[in-house]
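# Commentary on secondary and tertiary structure
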Amino acid sequence: MRISVVAVGTRMPAWVNQAVEDYGRRLPRELKLQWREIPLARRARDSKPEQLREREGEQILKVIPASDKVIALDVQGKRISTAHLAQQLESWQMSGANYSLMIGGPDGLSGQCLGRADLRWSLSDLTLPHPLVRVLLTEQLYRAWTITVNHPYHRD
């Protein structure tokens, strides 16, 4: 199984890269995350959020293989507990499918991206900065994996 994270934005602060690398390094070989960064669409004074979302969405969809199951990180998506994520992760591993997770830019994901998604997942009801989403996503995937293997990292 391959999990790819396709994220809009290419210049993350050092602390973000360090945290993502740290949690990513802890994941087992069969669950390594692959990161694909998509540059932000060029912004100008007269740029409309819808146009920016569409441009970024086109780039996101170009790098996602047609056979992948797709999960959109979306504030309007389904909230999932860590325990449920662990169950999902086990199910994903058993399915043999590859997964792509989409993180939109500052203006969110395009309608085409949301339409392509098999699941829309909300990490929080809060609006989170995109660098923090990367860290939170990686940590939660690591935490979910630790639950599936009874590792002591997660405590109820």
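In what follows, the accompanying structure is described. The structure presented is a predicted model; accordingly, all values stated were derived computationally and were not measured.

About the thresholds
- Numbers given to residues run from 1 along each chain, matching the order in which its sequence is written.
- Per-residue local features of the predicted model are confined to residues with pLDDT of at least 70, and side-chain atom pairs are confined, for both listing and counting, to 80 or more; whole-chain, interface and lining totals are unaffected and use all residues.
- Derived side-chain values reflect all non-hydrogen atoms in the structure, with water molecules and hydrogen atoms excluded from consideration.
- Lines fitted to C-alpha atoms define the axes, with helix axes restricted to the stretch in contact, and inter-axis angles between N-to-C directions lie between 0 and 180 degrees.
- Only DSSP runs of H or I reaching four residues or more are called helices, and only runs of E reaching two or more are called strands; each is numbered from the N terminus.
- Working definition: roughly parallel below 35 degrees, roughly antiparallel above 145 degrees, roughly perpendicular at 65 to 115 degrees, and oblique for all remaining angles.
- By definition in these notes, contact holds between two residues if any of their heavy atoms fall within 4.5 Å.
- Here a Phe, Tyr or Trp ring, Trp counted by its six-membered ring, pairs with any other such ring whose centre lies within 6.5 Å, and the pair is stacked when the planes are under 30 degrees apart, edge-to-face when over 60, and tilted otherwise.
- Here the term buried applies to any residue with accessible area under 20% of the maximum for its type, exposed to any over 50%, and partly exposed to those in between, with areas from a 1.4 Å probe on protein chains only.
- Our definition puts a charge over a ring when NZ of Lys or CZ of Arg is within 6 Å of the ring centre and also within 35 degrees of the ring normal.

Our next topic: the packing of helix α3 (residues 82-95) against helix α5 (residues 130-148). Contact geometry for α3 and α5: axes closest at 8 Å, N-to-C directions at 75°. Classed by the angle they form, the pair α3 and α5 counts as roughly perpendicular. Of the residues in α5, those in contact with T82, L85, A86, L89, E90 and W92 of α3 are Q140, L141, R143, A144, W145, I147 and T148.

Moving on to the packing of aromatic side chains. Within the structure shown, the criterion is met by 4 aromatic pairs. Ring geometry for Y142 against Y153: centres 4.8 Å apart, planes inclined by 70°, an arrangement best described as edge-to-face. Placement of the pair is Y142 in helix α5 and Y153 in the segment after α5, with a sequence separation of 11 residues. On the accessibility criterion, Y142 (5% relative accessible area) is buried. A connected cluster of aromatic rings, assembled from ring pairs, spans Y23, Y142, W145 and Y153. R26 extends its terminal NZ or CZ atom over the ring of Y142, reaching a point 5.4 Å from the ring centre.

Spatial relationships are all this shows, so hold off on functional conclusions.
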